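Spelled out from the first residue to the last, the chains are:
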Amino acid sequence: MSLVLRPRTDDKRWEGVNTSAPALVLASGWRLDADGTAHAALRCAGTRGGEAVVTALAKAPDVAGAARTAFTLHVSVVPYPTQG
C-alpha cells in the first residue's frame with residue numbers, strides 16, 4: 001500500500017512516518033519531494049492479523065523541537081486463509 005501525503009497549506013512540512021506495530025505494518029520508502037508531497041510504502045505481514053496505528057509527523061522547519069502527529073491512519077490486517 002502506498003501512502004501519499006499532499007503538500008501542507010500551513011508553514012509545516014512532513015517529517016516522517018511511524019507505526020505502532022512495526023512487526024505487523026512496516027513503513028518504508030519515505031520520500032519528501034521538492035513540492036512538499038511525501039510518499040511512504042506500507043507493508044503488512046501476511047502471516048498474522050492485528051491492528052496498527054500509522055502516524056505522519058510534521059513540523060515547521062524554523063521551529064526547534066520534535067515533530068508532532070499531524071495525520072493518523074488506523075490499519076487492520078486480516079490474513080488470507082491458507083487452506084480451504
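Residues numbered from 1 in each chain as written. Predicted model: local features only at pLDDT ≥ 70, side-chain atom pairs only at ≥ 80, totals over all residues. Heavy atoms only, no water.

### Description of the environment of Ser20
If you trace the backbone, Ser20 turns up in the loop between β2 (13–19) and β3 (25–32). Sequence separation of Ser20 and Val53 is 33 residues, and the distance between their C-alpha atoms is 5.3 Å. Look past the residues within four positions of Ser20 in its chain and what remains in contact with it is Ala52 and Val53. Within polar-contact distance, the side chain of Ser20 engages the backbone nitrogen of Val53 at 2.9 Å. (Helix = DSSP H or I, 4+ residues; strand = E, 2+ residues; numbered from the N terminus. Contact = heavy atoms within 4.5 Å. Polar contact = N/O pair within 3.5 Å; in protein donor to acceptor, adjacent residues only side chain to side chain.)

### Thoughts on the packing of aromatic side chains
Taken as a whole and assessed by the stated rule, the structure comprises zero aromatic pairs. For Arg8, the ring lying beneath its charged end belongs to Trp14, and the centroid distance is 5.0 Å. (Phe/Tyr/Trp six-rings, centres within 6.5 Å; stacked < 30°, edge-to-face > 60°. Lys NZ or Arg CZ within 6 Å of the ring centre and 35° of its normal.)

### Points about the sheet that holds strand β1 (residues 2–5)
Within the open sheet, the three strands sit side by side as β1-β4-β3. Their pairing is antiparallel. Each edge of the open sheet is held by one strand with a lone partner, namely β1 and β3. Here the strands of the sheet are splayed against their neighbours by 20 degrees on average, with no regard to which way each runs. Note: β3 against strand β4 (residues 38–44), six bridges, orientation antiparallel. By the bridge assignment, Leu32 is partnered in β4 with Ala38. (Pairing = 2+ DSSP bridges. Axes fitted to C-alpha atoms, helices over the stretch in contact; angles between N-to-C directions.)

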